[in-house]
Amino acid sequence: MLWVNKLKNDLKGVLKEHPLSVTVFFVACVIAGIHEDFYIGDILKFLFIFLFLITPCFLAVETGHFSLKELNIKKTIPYLITIIFSCVLSAVYAFLISFKYDEAVHKNGSLYVPYTYITRLVIVYLVISIAFSIYRMYRECGLSLEQYSVRAFLGVVKAGFLYGVLAVGSLLLIYAFNALLFNIPVETLIELAILGAVLFPGVIIGLSKVSESLGRFSKVLMGYVLPAIVAIACLIVYIYIIKIIVVRTMPSNEAFSIMTGIFVAGLFIWTTAQGCTEDPLHKYLLFFPIVFSPFIVVQIICLSMRIRQYGITNSRYLGILLIVFEIVYVAYYGVCRIKGRGVGRFLFVMITAPFIIYYLIPGINAYSAITNSQSKVIERYLDASAKGEETSDFKSAKSALYSIKTQGSIEGMRYVEKLKGKYSQELIESINTIGYEVNFDEGVKTVIYANISNPVVKIEGYKYLKNADISIYDSETDPTKVPVYEHYDREKPLGTVNIKDMVLELKKLEEEDAGFEEKGKVLDKVIPLENGAGLYIYDLDTEVTEDGLLDSISYSGYYLYNE
């Protein structure tokens, strides 16, 4: 029973040290569960979003030892400013999501610009609040970062395991109750209540009440097994590097993602392993980040090749941030090794900095970088076309404009408006397409997705209906002759249907960034078939090529017929 008493004492300690954050998070979970299970209006939605968002702020000020009982002007004012800022930011964001969703989320909405900036600020605020909270817990424990990380991780895993057992068990009990007695739709409420009552306090206990001792299994797994896997992966990459040097070839695209995976996993593994091992193994683990450093050169080569060919996109910008992070981390780690100390608090700064750069810093944030990079391709094509010169940049310019319109956010929208004042509308329209870039050889495709949440089918003129669906991914389909199959039957089609007009209308709505409700209205009709039957589609997912063919199509619907 010792572990029960320990858990009880830890829970009391968490409730005493973090009363605001634990209470607010639990109340938010209960309100969210009530809203989801009973479909109660937007006020409850506003409340639980607001409460979820202010929880990290309360957790941060509590870990900073803010107390209403012991008010000190110098220490209190920064915390009060932080709380007020958090409440205002959270309230505005929750209001937009709950009451002004269409005007805020869609690009043609009147509140899209303020909503976008507020969303970026919310993400950065959450990252900083959570990072600060974990940093304060780490500082309070009195251990090195390496020792703290492995113990905190195992504590969080235990909390997650306990929550998983209770969540699955409660689901089974709810299922039995609903099946044998009577149905009460409270599944989400109960699951979220367990989340707020068990998982959240459990995670705080795992992060703040770290144990000094580790079990044998944990030591073997974290200190021997996982580092061995990372070491073998590094060896494979070193062999690959020797291969490309000997063969004199450029590294493949897969090399970047593989080395990224090794670093992300390796950073966690070698940090935690250093906290649970002793010499002589500990000495070897200290060199892991240095062993990884040559991989950064290969990553730079891989990424620079793609950027030189196709410009910066969201994934490539993230790659740039990762490489900068790796360089700073390895350099700082090397300095710390020379001075005989750990990375410590600087790692928390390095983790939060990329988020600030990505979302907030003007001129170099992701949206500005994407827009500036892709604009060069567009303007090179438009300048050449305006002069009547032949150019092979058409597909590249088309793809670049698509990247700006889909990944450039507000910065991209402003650039597109700027183009309209510099070039003719006809010239801009020649590359204006909303599509999905598969690759440059296949060209640009338009992704269309539309559905009706609760379809109601008008069956006048028909006696029967049955489920119909299709999924075609390996060949192009003529939109005027889309096959119709009965559910689970792919042997013989029931007929063909012409959805060309529907696809064209949905494509236009995609270009206007219309919402699901508008696209759902296009689906809400029965399309006649040549055999006299009808098809009602309530879920459609397709890709349209530049030639108007359906590169892939998946739909679900009802087949209406008389005989």
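Residues numbered from 1 in each chain as written. Predicted model: local features only at pLDDT ≥ 70, side-chain atom pairs only at ≥ 80, totals over all residues. Heavy atoms only, no water.

Caption draft 1: Just the overall build of the protein, in detail. When helices and strands are counted, the protein shows 20 helices and 8 strands. The dimensions of the protein, computed from C-alpha atoms along their principal axes, are 75 × 70 × 55 Å. Put simply, the protein has 563 residues, and 45% of those count as buried. If you sum the accessible surface of the protein, you get close to 30,600 Å²; carbon and sulfur atoms cover 63% of it. Across the protein, the centroid of the 51 positively charged side chains sits 12 Å from that of the 55 negatively charged ones. (Helix = DSSP H or I, 4+ residues; strand = E, 2+ residues; numbered from the N terminus. Buried < 20%, exposed > 50% of the residue type's maximum accessible area, 1.4 Å probe, protein only. Areas by Shrake-Rupley, 256 points an atom, 1.4 Å probe, with all protein chains shown as cover. Lys, Arg positive; Asp, Glu negative; His and termini not counted. Charge placed at Lys NZ, Arg CZ, Asp CG, Glu CD.)

Caption draft 2: Examining the pattern of salt bridges more closely. Counted by the stated rule, this structure contains 5 salt bridges. With its nearest N and O atoms 3.4 Å apart, the salt bridge here joins Glu-140 to Arg-136. With Glu-140 and Arg-136 both in helix α6 (residues 112-141) and 4 residues apart, the pair spans about one turn of that helix. A relative accessible area of 22% means that Arg-136 is categorised as partly exposed. One salt bridge connects Glu-379 with Lys-422, and the closest N-O pair in it is separated by 3.9 Å. (Salt bridge = Lys/Arg side-chain N within 4 Å of Asp/Glu carboxyl O.)

Caption draft 3: Main features of the confidence of the model for the protein. Overall, the predicted model of the protein reaches an average pLDDT of 83, with 92% of residues at or above 70. Within the protein, strand β1 (residues 436-439) has the poorest average pLDDT of any element, 36, and α6 the best, 92. Note that residues 434-443 has pLDDT below 50 and, in this model, 26 contacts with residues that lie over four places away or in other chains. (pLDDT = per-residue confidence, 0-100. Contact = heavy atoms within 4.5 Å.)

Caption draft 4: Molecular detail of the environment of Asp-524. If you trace the backbone, Asp-524 turns up in the loop between α20 (516-523) and β6 (526-528). Given the relative accessible area of 44%, Asp-524 is considered partly exposed. Spatially, the C-alpha atoms of Asp-524 and Met-222 are 55 Å apart, while their sequence positions differ by 302 residues. If near-sequence neighbours (up to four positions away) are discounted, Asp-524 is found in contact with Ile-452, Val-456 and Tyr-536.

Caption draft 5: Expanded view of the nonpolar core. In this structure, Tyr-93, Phe-263 and Tyr-329 are the most contacted members of the largest nonpolar core, which totals 77 residues. No other element matches the 11 residues that helix α3 (residues 42-63) contributes to this core. With sequence-adjacent residues up to four places away left out, Phe-263 is seen in contact with Trp-270, Phe-292, Leu-322, Phe-325, Glu-326 and Tyr-329. By size, the runner-up hydrophobic cluster in this structure holds 34 residues, among which are Ile-448, Ile-470, Val-497 and Leu-509. (Core = buried A, V, L, I, M, F, W, Y, C linked by side-chain atoms within 4.5 Å.)

Caption draft 6: How the structure looks around the packing of aromatic side chains. All told, the structure shown has 28 aromatic pairs when counted by the stated rule. Ring centres of Phe-25 and Phe-200 lie 4.3 Å apart, and the angle between their planes is 20°; on these two criteria the pair is classed as stacked. With Phe-25 in helix α2 (residues 19-38) and Phe-200 in helix α8 (residues 187-208), the pair connects residues that are 175 residues apart, well separated along the chain. When sorted by exposure, Phe-25 lands in the same class as Phe-200, which is buried. Pairing Tyr-358 with Tyr-359 gives two aromatic rings, centres 4.7 Å apart and planes at 70°, and the pair type is edge-to-face. Just as Tyr-358 is buried, Tyr-359 falls in that class too. Put simply, the rings of Tyr-238, Phe-263, Trp-270, Phe-288, Phe-292, Phe-295, Phe-325, Tyr-329 and Tyr-333 touch in pairs and so form one group of aromatic residues. Cation over ring: Arg-337 sits above Tyr-333, and NZ or CZ is 5.5 Å from the ring centre. (Phe/Tyr/Trp six-rings, centres within 6.5 Å; stacked < 30°, edge-to-face > 60°. Lys NZ or Arg CZ within 6 Å of the ring centre and 35° of its normal.)

Caption draft 7: Region of the structure containing unusual backbone geometry. For Arg-248, which is not a glycine, the phi torsion comes out positive at approximately 60°. Looking at the secondary structure, you find Arg-248 in the loop between α9 (216-247) and α10 (253-274). The phi angle at Ser-409 is positive, at roughly 55°, despite the residue not being glycine. Looking at the element boundaries, Ser-409 is found in helix α17 (residues 409-422). The exposure class of Ser-409 is buried, given its relative accessible area of 8%.

Caption draft 8: How the structure looks around the state of the cysteines. Across all of its chains, the model carries 0 disulfides by this definition. Free of any disulfide, Cys-141 has its nearest cysteine sulfur in Cys-276, 15 Å distant. Taking the relative accessible area as the measure of exposure, Cys-141 reaches 22% and is therefore partly exposed. Residue Cys-234 stays outside any disulfide, its sulfur separated by 16 Å from that of Cys-302, the closest cysteine. (Disulfide = S-S within 2.5 Å.)

Caption draft 9: Representation of α10 in the model. Helix length check: α10 (22 residues) gives 32 Å between terminal C-alpha atoms against 32 Å at 1.5 Å per residue, within 8%. The largest bend along α10 measures about 30° and falls at Gly-266. (Expected span 1.5 Å × (residues − 1). Bend = angle between axes of the 7 residues up to and from the residue.)

Caption draft 10: Seen up close, the side chain of Thr-119. Mapped onto the elements, Thr-119 comes out in helix α6. Note on Thr-119: relative accessible area 18%, which makes it buried. A polar atom in the side chain of Thr-119 sits 2.7 Å from the backbone oxygen of Tyr-115. (Polar contact = N/O pair within 3.5 Å; in protein donor to acceptor, adjacent residues only side chain to side chain.)

Caption draft 11: Quick look at helix α16 (residues 394-407). Given a rise of 1.5 Å per residue, 14 residues ought to cover 20 Å, and the 20 Å separating the end C-alpha atoms of α16 matches this to within 8%. Residues of α16 that are buried: Ala-397, Lys-398, Ser-399, Ala-400, Leu-401, Tyr-402, Ser-403 and Ile-404. A positive backbone phi angle near 55° is found at Ser-409, which sits one or two residues after α16.

Caption draft 12: Region of the structure containing the pairing of strand β3 (residues 464-472). In this sheet, strand β8 (residues 550-561) lies alongside β3 in antiparallel orientation, the contact comprising 9 bridges. Among the inter-strand pairings, Tyr-464 is bridged to a residue of β8, identified as Tyr-561. As defined by bridge partners, β3 adjoins strand β4 (residues 482-486) across 2 bridges and the pair is classed as antiparallel. Bridging across to β4, Asp-469 finds its partner in Tyr-485. (Pairing = 2+ DSSP bridges.)

Caption draft 13: Examining the environment of Val-198 more closely. Locating Val-198 in the fold gives a position in helix α8. Separated by 50 residues in sequence, Val-198 and Tyr-148 place their C-alpha atoms 22 Å apart. Those residues in contact with Val-198 that sit more than four places away from it in its chain are Leu-162, Tyr-163 and Leu-166.

Caption draft 14: Looking closely at the packing of α9 against α10. At a minimum axis distance of 10 Å, the contact between α9 and α10 shows a crossing angle of 150°. The angle between the axes of α9 and α10 places the two elements in the roughly antiparallel class. Here α9 and α10 pass one another in a crossing that is left-handed. On α10, the residues touching Met-222, Gly-223, Leu-226, Pro-227, Val-230, Ala-233, Cys-234, Val-237 and Tyr-240 of α9 are Ala-255, Met-259, Ile-262, Gly-266, Phe-268, Ile-269, Thr-272 and Ala-273. When grouped by side-chain class, the residues that make up the contact of α9 with α10 number 14 nonpolar, 3 polar and no charged. (Axes fitted to C-alpha atoms, helices over the stretch in contact; angles between N-to-C directions. Parallel < 35°, antiparallel > 145°, perpendicular 65-115°, else oblique. Left-handed = near helix turned anticlockwise from the far one by under 90°. Nonpolar A, V, L, I, M, F, W, Y, C, P; charged D, E, K, R; others polar.)

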